[in-house]
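Next come the chains, spelled out residue by residue.
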Amino acid sequence: FVGDVEVVEVRMMDGDPFVICQFHCQQLKCVRDKFGNVVEGSPDTIHRVYYFWGLQQEKSGVVTAEGELLPPRWVIKDMLWQSMLALV
């Protein structure tokens, strides 16, 4: 689940637009060892995590093997998660 997507700021960096957006999602935090034992977190606890992403568009598009020109992609240049809250 992803919710509350918001564009926080748009600025120019190196002559190209840089978009900062924020959103929250629900995710699990569960780390297991090679034997399948939980060593961190829990497989049953859902967390709400708040993210900030910095996105910048590539300078040029990509040509596929078939010769089709695809438009420039938006790439995540920076990412920050702000907090993690357990939803019990």
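Above this note sits the structure.
In this report, we go over the structure that sits alongside the text. Because the structure is predicted, anything quoted here is derived from the model rather than measured. (Residues numbered from 1 in each chain as written. Predicted model: local features only at pLDDT ≥ 70, side-chain atom pairs only at ≥ 80, totals over all residues. Heavy atoms only, no water.)

## Some thoughts on the overall build of the chain
Rule in force here: Secondary structure elements follow DSSP: runs of H or I no shorter than four residues count as helices, runs of E no shorter than two count as strands, and numbering proceeds from the N terminus. Here the radius of gyration uses the C-alpha set of atoms, whereas the globule reference equals 2.2 Å times the residue count to the power 0.38. Only protein chains enter the area calculation, which uses a 1.4 Å probe; residues under 20% of their type maximum are buried, those over 50% are exposed, and those in between are partly exposed. Two residues form a contact once any of their heavy atoms are found within 4.5 Å. Working definition of accessibility: Shrake-Rupley area with a 1.4 Å probe, residue cover restricted to the visible protein chains. By the counting scheme adopted, Arg and Lys are positive, Glu and Asp are negative, and His together with the chain ends is not counted. Just so you know, the charge point we use is NZ for Lys, CZ for Arg, CG for Asp and CD for Glu.
For the chain, the helix and strand inventory stands at 0 helices and 6 strands. Secondary structure elements in the chain, listed N-terminal to C-terminal, are β-β-β-β-β-β. Against the 2.2 N^0.38 benchmark of 12 Å for 88 residues, the chain shows a C-alpha radius of gyration of 18 Å, more extended than a compact globule. If one aligns the C-alpha atoms of the chain with their principal axes, the spans along those axes are about 45 × 35 × 20 Å. Across the 88 residues of the chain, 17% fall into the buried class. A separation threshold of at least 6 residues defines the contact pool for the chain, and within that pool the share at least 24 residues apart is 45%. With the model as given, the accessible surface of the chain reaches about 6,700 Å², and the carbon-plus-sulfur share is 56%. In the chain, which carries 8 positive and 12 negative side-chain charges, the distance between the mean positions of the two groups comes to 6 Å.

## Quick notes on the packing of aromatic side chains
Condition: Pairing of aromatic rings covers Phe, Tyr and Trp, the last counted by its six-membered ring, and requires centre-to-centre distances within 6.5 Å; plane angles under 30 degrees mean stacked, over 60 mean edge-to-face, and any other angle means tilted.
For the coordinates displayed, the defined rule picks out 2 aromatic pairs. Plain terms: the ring middles of F23 and Y51 are 5.5 Å apart, the flat faces sit at 20 degrees to each other, and that makes the pair stacked. In this pair, F23 is assigned in strand β2 (residues 16–32) and Y51 in strand β3 (residues 38–57), connecting sequence segments 28 residues apart. By relative accessible area, which is 9% here, F23 ends up buried. Ring plane angle 85 degrees and centroid distance 5.0 Å describe the contact between F23 and W53, whose orientation is recorded as edge-to-face. Note that F23 is positioned in strand β2 and W53 in strand β3, a separation of 30 residues in sequence. On the accessibility criterion, W53 (27% relative accessible area) is partly exposed.

## Overview of the pairing of β2
Filter applied, for reference: Paired strands are those between which DSSP finds at least two bridges.
Alignment of strand β1 (residues 2–13) against β2, held across 9 bridges, turns out to be antiparallel. Paired with E6 across the bridge in β2 is Q22. From the end of β1 to the start of β2, which pair antiparallel, there are 2 residues, and D14 there has a positive phi angle of about 55 degrees. In this structure, β2 lies alongside β3, joined through 15 bridges in antiparallel fashion. Among the inter-strand pairings, Q26 is bridged to a residue of β3, identified as R48. Here β2 hands over to β3 after 5 residues, with G36 in that stretch at a positive phi of 90 degrees.

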